[in-house]
Amino acid sequence: QPDPQWTGIARPGDNLYSDSIVALDVKTGKMKWHFQNTPHDVHDWDSLESPVLVDAAFRGQLRKLLLQANRNGFYYVLDRTTGEFLQGTPFVDKLDWATGLDAKGRPIIAPGHEPTVTGSVTCPSTAGATNWPPPTYSRDTGYLYVVVAEGCGINVVTSSTAPDSATGYYESPHAPWQAYVRAIDALTGKRMWEYKAVRSNHYGPGLLSTAGGIVFAPEQFGQVSVLDAKTGKSLWHFNTGDVITAAPVTYSVDGEQFFAIASGTNVFAFGLSDGR
């Protein structure tokens, strides 16, 4: 993100190439293209959510796609060869800093969301509609699964004129955060289902999907759920008893599949029975 993070007085303009997805030539390091999700960011919405690469027919044309659910609350579909913006859709309900995206994917800014001395409420919060926990994609369903935080934040600055004014943010008491797992149709941006976290209110661990039609969905406060990839129905759950901030992994030993998750100072491994 640009610096200072929450004040834009000393950095007018778009502040390229902050809050951007950038493609580099692997042989030369030269930039091939860039796409800026949030120009002149004053909410710390760096574009760090892991992008997912998919080859698929998009609107009748076979394309090499890049999918990203961004911290700013919009889900993006780009052509990863050219960086062309193809589609953008909100994936959270609480999004008020922009009224939409224009034809090139640039946000249409809504007034009243610059951080102020008295505090300005913005949705999603600086914590982000999602964050660094990795999403997962299933070729079988065509869904992108994302850990989502619904909620708003209050952004404050200590001075409205100082270029390097100290800043901060906190959770809005009128819009408390709530975590979800959401399935998004990768090509349309349509929400297919959501799973409300048992207790977690913040973005938490990452997700993992398998060819067996399930999504492993750990939660910040220790719950591990296995969800049906097509419907979101909870199939199984286990409480580890400690905080989880990691993403699950899967592996096999002697033909038997396991998945594991780090919780606190412990690692939990679970075997996937084949019915024998």
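Okay, so let's go over this structure.

Counting its regular elements, the protein contains zero helices and 22 strands. Computed over its C-alpha atoms, the radius of gyration of the protein comes to 20 Å, within 12% of the 19 Å expected for a compact globule of 276 residues. Across its three principal axes, the protein shows a C-alpha extent of roughly 70 × 45 × 35 Å. In the protein, which comprises 276 residues, the share counted as buried stands at 53%. Of all intrachain contacts in the protein linking residues separated by at least 6 positions in sequence, the fraction that spans at least 24 positions is 50%.

What follows deals with the side chain of Asn 37. Among the secondary structure elements, Asn 37 is positioned in the loop between strand E2 (31–36) and strand E3 (52–58). Contacts of Asn 37, omitting those with residues within four sequence positions, involve Asp 19, Ser 20, Ile 21, Ser 47, Gln 68, Asn 70, Asn 72, Tyr 76 and Pro 107.

Time to look at the pairing of strand E6 (residues 85–90). Pairing analysis gives five bridges linking strand E5 (residues 74–79) to E6, with the strands arranged antiparallel. Bridge pairing in E6 places Tyr 75 opposite Thr 89. Hairpin remark: E5 followed by E6, antiparallel, with five residues in the connecting loop; positive phi at Gly 83, about 85°.

Under the definition given, this model contains 17 aromatic pairs. Here Trp 45 and Trp 97 contribute two aromatic rings whose centre-to-centre distance is 5.0 Å and whose plane-to-plane angle is 50°, an arrangement assigned as tilted. You can see Trp 45 sitting in the loop between E2 and E3 and its partner Trp 97 sitting in the loop between E6 and strand E7 (98–101), a full 52 residues away along the chain. Among the residues examined, Trp 97 registers a relative accessible area of 4% and is labelled buried. An angle of 15° between the planes, with centres 5.5 Å apart, marks the rings of Tyr 251 and Phe 258 as stacked. Given a relative accessible area of 34%, Tyr 251 falls into the partly exposed group. Through pairs of rings, three or more aromatic residues link up here, namely Phe 35, Trp 45, Phe 74, Tyr 76, Phe 85 and Trp 97. One Lys or Arg, Arg 182, reaches over the ring of Tyr 180 and ends 4.8 Å from the middle of that ring.

Turning next to the sheet that holds strand E19 (residues 234–239). Taken in spatial order, the four strands of this open sheet run E16-E17-E18-E19, and their pairing is antiparallel. Of all the strands in the sheet, the pair left with one neighbour each is strand E16 (208–209) and E19. In this structure, E16 lies alongside strand E17 (residues 214–218), joined through two bridges in antiparallel fashion. By the bridge assignment for E17, Ser 209 is matched with Val 215.

The next point concerns the state of the cysteines. On inspection of all chains with the given rule, the structure shows one disulfide. The disulfide partner of Cys 123 is Cys 152, and the S-S distance across this bridge is 1.9 Å. Here the S-S torsion is close to 95°, and the disulfide linking Cys 123 with Cys 152 is therefore right-handed. Of this pair, Cys 123 sits in the loop between strand E9 (120–122) and strand E10 (136–138) while Cys 152 is found in the loop between strand E11 (143–150) and strand E12 (153–157), placing the two residues 29 residues apart along the sequence.

Before going further, it helps to spend a moment on the pairing of strand E20 (residues 249–253). Bridge analysis of E20 against strand E21 (residues 256–263) gives five bridges, and the strand direction is antiparallel. Bridge pairing in E21 links Ser 252 to Gln 257. In this antiparallel pair of consecutive strands, E20 and E21, the connection spans two residues, and Asp 254 shows a positive phi of 50°.

Here we come to the sheet that holds strand E22 (residues 266–272). Taken in spatial order, the three strands of this open sheet run E20-E21-E22, and their pairing is antiparallel. Looking at which strands have only one partner, the edges of the open sheet turn out to be E20 and E22. Each adjacent strand pair in this sheet contributes to an overall mean axis angle of 30°, direction not counted. Looking at chain direction, E21 and E22 are connected through seven bridges and run antiparallel. Paired with Ser 263 across the two strands is Asn 266, which belongs to E22.

With that settled, consider unusual backbone geometry. Between Leu 16 and the following residue, Tyr 17, the backbone shows a cis peptide bond with an omega angle of 5°. Secondary-structure assignment places Tyr 17 in the segment before strand E1 (20–24). With omega at 0°, the peptide bond leading from Cys 123 into Pro 124 counts as cis. Relative to the helices and strands, Pro 124 resides in the loop between E9 and E10. Residue Asn 15 is not a glycine yet carries a positive backbone phi of 60°. Residue placement: Asn 15 occurs in the segment before E1. Among the residues examined, Asn 15 registers a relative accessible area of 16% and is labelled buried. Phi at His 40 takes a positive value of approximately 50°, unusual for a residue other than glycine. Assignment of secondary structure puts His 40 in the loop between E2 and E3. Its relative accessible area of 23% is what places His 40 among the partly exposed residues.

Thresholds applied
- Residues numbered from 1 in each chain as written.
- Predicted model: local features only at pLDDT ≥ 70, side-chain atom pairs only at ≥ 80, totals over all residues.
- Heavy atoms only, no water.
- Helix = DSSP H or I, 4+ residues; strand = E, 2+ residues; numbered from the N terminus.
- Rg over C-alpha atoms; globule rule 2.2 N^0.38 Å.
- Buried < 20%, exposed > 50% of the residue type's maximum accessible area, 1.4 Å probe, protein only.
- Contact = heavy atoms within 4.5 Å.
- Pairing = 2+ DSSP bridges.
- Phe/Tyr/Trp six-rings, centres within 6.5 Å; stacked < 30°, edge-to-face > 60°.
- Lys NZ or Arg CZ within 6 Å of the ring centre and 35° of its normal.
- Disulfide = S-S within 2.5 Å.
- Axes fitted to C-alpha atoms, helices over the stretch in contact; angles between N-to-C directions.

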